[in-house]
Number of protein chains: 2
Amino acid sequence: MEPQSDFSLSCPVPASQYPHVLLAHGGGGRLMQQLIEQVFIPAFANPWLGERHDGAVLEVGGQRLAFTTDSYVVRPLFFPGGDIGTLAVNGTVNDLAMCGARPRWLSAGFILEEGLPMETLRRVVQSMRLAAAVAGVQLVTGDTKVVDKGKGDGLFINTAGIGVIEHPVRIGPRQVRPGDAVLLNGDLGRHGMAIMSVREGLEFESPITSDCAPLAELVRALLDAGVDVHCLRDLTRGGLAAAMNEIADTARRQIDLEESAVPVSEAVQGACEILGFDPLYVANEGRLVAFVAEAEADRALDVMRRSPHGAGACRIGKVVEGSPGLVTLRSRIGAQRVLDLLSGEQLPRIC
Amino acid sequence: MEPQSDFSLSCPVPASQYPHVLLAHGGGGRLMQQLIEQVFIPAFANPWLGERHDGAVLEVGGQRLAFTTDSYVVRPLFFPGGDIGTLAVNGTVNDLAMCGARPRWLSAGFILEEGLPMETLRRVVQSMRLAAAVAGVQLVTGDTKVVDKGKGDGLFINTAGIGVIEHPVRIGPRQVRPGDAVLLNGDLGRHGMAIMSVREGLEFESPITSDCAPLAELVRALLDAGVDVHCLRDLTRGGLAAAMNEIADTARRQIDLEESAVPVSEAVQGACEILGFDPLYVANEGRLVAFVAEAEADRALDVMRRSPHGAGACRIGKVVEGSPGLVTLRSRIGAQRVLDLLSGEQLPRIC
């Protein structure tokens, strides 16, 4: 088994009280949120970071741009449905799309471990080339560093990206309103369980493939159709549950979800049951939620379903006044429970 | 001693013939150049990468922007005159400045190793905050990943940056012309030897402090004064020699340097002699060369000397028709020799 994050801590203490960095501090859960709030935000306080969004929206000469970054440390480097290269392009493309931007330019920073097979690097670079072509972005600047054997883990990639915001929309958690419908573009948990199956050498009856995909076209279809999108968020580390908690917290609203409305494939459901994971917390790399006014929800779903990677679009919940920051889940048998943020991540190094 | 890059290989073979990544592939020398030319450029071929500059120049709605990235893997994390945080801000600020841009916004991606003392992270983040304030940039978006103990080396940082180009200049190696004067803003080798002194526990009579500094104000002073700057390059990995070779190669010109004109402090010279390093190949983090038309050289030097981090500005050589790609050095006793690119770097993980 992988070393587990301490997500099971029932009473987490503030990050500042941990004398050392834990795996859970990178897990997309409460400890990461605390690390950001206690170490990074106070140091760099500015309106962009204050938005708590997937990227920063900058204004240059009257043009709005989105700017974002992610490092990729996924293990293993290759998995069903993609590899670290596909992920490094699509992940950053998706963060730009979540700002309502058309992704245009990427940077790539490679940290190679001495001894990495050159063939591995070539394969990953080819994946990046293909993913960039599919997403319509150009990789325009880069950097390579090599660290001594034993001081890295084969290959880490950072990408940063710039996108152009072509619509006069304001998208972000602070735009979420009571009454908004919460829409999801497809079934959950495939990326995380695809990684898990390779790591643990598990064979499932139907092999699970990562959902890794670029979501910018789907977002553009929504905006081109004039849908008034309030917030978008891709469901990576920490899955649907983490994204909902972050948005509820920043928006100071309550979000109510319906478990029966959230699609999870039989294969993922089965794998999660065997391994003791909850698909609502498992990472995805081609799934997003869109918050739109209730009156526009059906039209938005139509647009999403006609878009690439949106065939399985569905409505999974709504925003209510309620308790600021609270996320609830109504189970299949009708009981409503709190869908909390975990301390860490069920699966470390998922992206 | 640190593991040495194989820079002493007398007859390097193409990178593609190395089955595995070597430390030297990240060293700023010939092997890194080959890796870029044989693996990255063919995959991502586009006009931006073709410029072979420190960053990409993008055009958005009539406004030119510079975009660049660097990962920082320096060891140790703290050294006289700075730390990995200072470096991560100034390095990217300087790459933007080398494009003639006013640095504006940075992203930061942290890869933390499980077990990193939280206090170390706080110190580094404080250094970044200070360096960003000094350089006048905002850190607007970020990402944190944690890797298992033994799969990283404490802390790696990637920064990407966006700058605004406010002058109608075209700066880059392809603008270099025969007759251009080569100007340098101060003495060489301090960053590399400061790192080396800590790594090896050496104590020199006068302690050597890194020259790590933001160079954007100096560049802006040149542009504001109307100096027609053809090319700028900061002298990081591989030092002056690597930068000169890269520029001579891209510009298809010959560059002749005068050894006696290149300032090296007594302390750095002494340390280099003891340790067997050549200061012309040692990394700097606050030094640049500027290529300007001969007629503007004296005025440019005046401007540089009045700017922050330019007090020691001097003329060190000139561009001639000669042999494309050749860099020569006239020694103190008058002999002219080829100043070649090393295969790797004398000092791995210097930035």
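Residues numbered from 1 in each chain as written. Chains lettered and ligands numbered in written order. Predicted model: local features only at pLDDT ≥ 70, side-chain atom pairs only at ≥ 80, totals over all residues. Heavy atoms only, no water.

**Some remarks on the overall build of chain A**
Piece 1. Secondary structure summary: chain A contains nine helices and 14 strands in total.
Piece 2. Radius of gyration (C-alpha) of chain A: 19 Å, near the 20 Å computed for a compact globule of 351 residues.
Piece 3. With respect to the three principal axes, the spread of C-alpha positions in chain A is 55 × 50 × 45 Å.
Piece 4. Taking all contacts inside chain A whose residues are at least 6 apart in sequence as the whole, residues at least 24 apart take part in 82%.
Piece 5. Looking at chain A as shown, the accessible area adds up to about 12,000 Å², and 50% of this sits on carbon and sulfur atoms.
Piece 6. Chain A carries 32 positive and 42 negative side-chain charges, and their two centres are separated by 4 Å. (Helix = DSSP H or I, 4+ residues; strand = E, 2+ residues; numbered from the N terminus. Rg over C-alpha atoms; globule rule 2.2 N^0.38 Å. Contact = heavy atoms within 4.5 Å. Areas by Shrake-Rupley, 256 points an atom, 1.4 Å probe, with all protein chains shown as cover. Lys, Arg positive; Asp, Glu negative; His and termini not counted. Charge placed at Lys NZ, Arg CZ, Asp CG, Glu CD.)

**Topic: the sheet that holds strand E2 (residues 63-72) of chain A**
Piece 1. Taken together, five strands build an open sheet; the order of strands is E1-E2-E7-E5-E6 (chain A) and the sheet is mixed. Each edge of the sheet is formed by a strand with only one pairing partner; in this case those strands are strand E1 (56-60) and strand E6 (138-147) of chain A. Each strand of the sheet is rotated relative to its neighbour by a mean of 20°, with strand direction disregarded.
Piece 2. For strand E5 (residues 101-113) of chain A and strand E7 (residues 155-165) of chain A, the ladder comprises eleven bridges, and the chain directions are antiparallel. In the sheet register, A:Trp105 faces E7(A), and the bridge partner there is A:Ile162.
Piece 3. Sitting on the sheet, helix H4 (residues 118-135) of chain A is in contact with E5, E6 and E7 of chain A, with an inclination near 175° to E5(A).
Piece 4. Strand contacts of helix H1 (residues 30-44) of chain B: E5 and E6 of chain A, with the helix running at about 145° to E6(A), the strand carrying the most contacts. (Pairing = 2+ DSSP bridges. Axes fitted to C-alpha atoms, helices over the stretch in contact; angles between N-to-C directions.)

**Some points on the interface of chain B and chain A**
Piece 1. The partner chain A presents 81 residues to the 81 residues of chain B that form the contact.
Piece 2. The contact between chain B and chain A buries some 6,900 Å² in all, and 69% of this surface belongs to carbon and sulfur atoms.
Piece 3. Three residues, B:Val21, B:Phe44 and B:Met118, lead the burial of chain B against chain A; their summed loss comes to 10% of the area buried on that side.
Piece 4. Across the chain B-chain A interface, the total number found is ten salt bridges.
Piece 5. B:Asp148 serves as the salt-bridge partner of A:Arg349, at 2.7 Å between the closest nitrogen and oxygen.
Piece 6. Linking chain B with chain A are 20 residue pairs in polar contact (both at pLDDT 80 or more), by the criterion used here.
Piece 7. Put simply, the parts of the chain that give the side of chain B that touches chain A at least two residues each are H1, helix H2 (47-50), strand E1 (56-60), strand E2 (63-72), strand E5 (101-113), helix H4 (118-135), strand E6 (138-147) and strand E7 (155-165) of chain B.
Piece 8. With ten residues, the single largest contributor to the side of chain B that touches chain A is E6(B). (Buried area = accessible area lost by both parts, 1.4 Å probe. Salt bridge = Lys/Arg side-chain N within 4 Å of Asp/Glu carboxyl O. Polar contact = N/O pair within 3.5 Å; in protein donor to acceptor, adjacent residues only side chain to side chain.)

**Notes on the relation of the copies chain B and chain A**
Piece 1. For the pair chain B and chain A, the superposition axis carries a translation of 0.0 Å, the fit reaches an RMSD of 0.0 Å, and the rotation angle comes to 180°. The relationship between the two copies is best expressed as a two-fold rotation axis. No C-alpha of chain B approaches the rotation axis more nearly than that of B:Gly152, which lies at 2.2 Å.
Piece 2. In this assembly, 100% of the residues forming the interface of chain B have copies in chain A that are likewise at the interface, indicating an isologous arrangement. (Least-squares fit on C-alpha atoms with pLDDT ≥ 70 in both.)

**Some points on unusual backbone geometry**
All names here are of chain A.
Piece 1. Going from Arg75 to Pro76, the amide bond is cis rather than trans, its omega being -5°.
Piece 2. Relative to the assigned elements, Pro76 resides in the loop between E2 and strand E3 (78-79).
Piece 3. Positive phi outside glycine occurs at Arg349, with the angle close to 55°.
Piece 4. Along the chain, Arg349 turns up in the segment after strand E14 (336-338).
Piece 5. In this structure Arg349 comes out as buried when scored by relative accessible area, which is 6%. (Buried < 20%, exposed > 50% of the residue type's maximum accessible area, 1.4 Å probe, protein only.)

**Describing the side chain of A:Arg349**
Piece 1. A polar contact of 3.0 Å, which involves the side chain of A:Arg349, links it to the side chain of A:Asp153.
Piece 2. In this structure the side chain of A:Arg349 is engaged in a polar contact, spanning 2.7 Å, whose partner is the side chain of B:Asp148.
Piece 3. The contact partners of A:Arg349, leaving out residues within four places of it in the chain, are A:Val73, A:Val74, A:Arg75, A:Asp153, A:Phe156, A:Arg199, B:Val146, B:Val147, B:Asp148 and B:Lys151.

**Things to note about the pattern of salt bridges**
Piece 1. All chains considered together, the criterion is met by 44 salt bridges over all chains.
Piece 2. Between A:Arg233 and A:Asp54 there is a salt bridge, with the nearest N and O atoms lying 3.5 Å from each other. Taken together, the positions of A:Arg233 in strand E9 (residues 229-234) and A:Asp54 in the loop between helix H2 (47-50) and E1 put the pair 179 residues apart, joining distant regions of the chain. The same class applies to A:Arg233 and to A:Asp54, which are both buried.
Piece 3. Put simply, A:Asp148 and B:Arg75 hold a salt bridge, and the shortest N to O gap is 3.1 Å. Of the two residues, A:Asp148 is situated in the loop between E6 and E7 and B:Arg75 in the loop between E2 and strand E3 (78-79); the pairing between them involves two chains.
Piece 4. Given a relative accessible area of 7%, A:Asp148 falls into the buried group.
Piece 5. By sharing partners, the salt bridges in this structure join A:Arg75, A:Asp153, A:Arg349, B:Asp148 and B:Lys151 into a single network.

**Focus on the packing of aromatic side chains**
Piece 1. The tally for this structure, following the rule as stated, stands at four aromatic pairs over all chains.
Piece 2. Between the aromatic rings of A:Phe67 and B:Phe67, the centroid separation amounts to 6.4 Å while the plane-to-plane angle is 80°, which identifies the pairing as edge-to-face. Linking A:Phe67 in strand E2 with B:Phe67 in strand E2, this pair reaches from one chain into another. The same class applies to A:Phe67 as to B:Phe67, namely buried.
Piece 3. Over the face of the ring belonging to A:Phe78 we find A:Arg123, whose NZ or CZ atom lies 3.7 Å from the ring centre.
Piece 4. The ring of A:Tyr72 has B:Lys145 sitting right over it, with the charged end atom 5.7 Å from the ring centre. (Phe/Tyr/Trp six-rings, centres within 6.5 Å; stacked < 30°, edge-to-face > 60°. Lys NZ or Arg CZ within 6 Å of the ring centre and 35° of its normal.)

**Regarding the sheet that holds strand E11 (residues 288-292) of chain A**
All names here are of chain A.
Piece 1. Across the sheet, seven strands lie side by side as E9-E11-E8-E12-E10-E13-E14; this open sheet has mixed pairing. Edge positions in the open sheet fall to E9 and E14, since each of these has one partner strand only. Sheet twist, expressed as the average angle between the axes of neighbouring strands with direction ignored, equals 25°.
Piece 2. When strand E10 (residues 254-258) meets strand E13 (residues 327-330), the two strands line up parallel, connected through four bridges. Paired with Leu257 across the two strands is Leu329, which belongs to E13.

**Observations concerning the confidence of the model for chain A**
Close inspection of predicted coordinates is inappropriate for parts of the model with low pLDDT.
Residues and elements named next belong to chain A.
Piece 1. Confidence in the prediction of chain A, expressed as mean pLDDT, is 92, and 95% of residues score 70 or more.
Piece 2. This stretch, residues 1-13, has a pLDDT under 50; its non-local contacts, to residues over four places away or in other chains, come to 33 contacts.
Piece 3. Across the assembled chains, the prediction reports ipTM 0.94 with pTM 0.94. (pLDDT = per-residue confidence, 0-100.)

**Structural notes on helix H3 (residues 84-98) of chain A**
Residues and elements named next belong to chain A.
Piece 1. Between its first and last C-alpha, H3 extends 21 Å over 15 residues, near the 21 Å set by a 1.5 Å rise per residue.
Piece 2. Extensive coverage of H3 is indicated by the burial of 15 of its 15 residues.
Piece 3. Positive backbone phi, at 80°, marks Gly100, one or two positions downstream of H3. (Expected span 1.5 Å × (residues − 1).)

**Structural notes on the packing of helix H5 (residues 190-199) of chain A against helix H8 (residues 266-275) of chain A**
Residues and elements named next belong to chain A.
Piece 1. Remark: H5 packs on H8, axes separated minimally by 10 Å, with the N-to-C direction vectors making an angle of 55°. Here H8 runs oblique to H5, going by the angle between their axes. Here the hand of the crossing between H5 and H8 comes out left-handed. Touching Arg190, Met193 and Met196 of H5 are Val268, Ala271, Cys272 and Leu275, all from H8. (Parallel < 35°, antiparallel > 145°, perpendicular 65-115°, else oblique. Left-handed = near helix turned anticlockwise from the far one by under 90°.)

**Notes on the pairing of strand E8 (residues 181-184) of chain A**
Residues and elements named next belong to chain A.
Piece 1. With burial as the criterion, each face of E8 is covered, one bearing Ala181 and Leu183 and the other bearing Val182 and Leu184.
Piece 2. Sheet topology places E8 next to E11; four bridges connect them, and they run antiparallel. Bridging from a neighbouring strand, Ala181 pairs with Val292 of E11.
Piece 3. Across four bridges, E8 lies against strand E12 (residues 314-320) in antiparallel orientation. Bridging from a neighbouring strand, Val182 pairs with Gly317 of E12.

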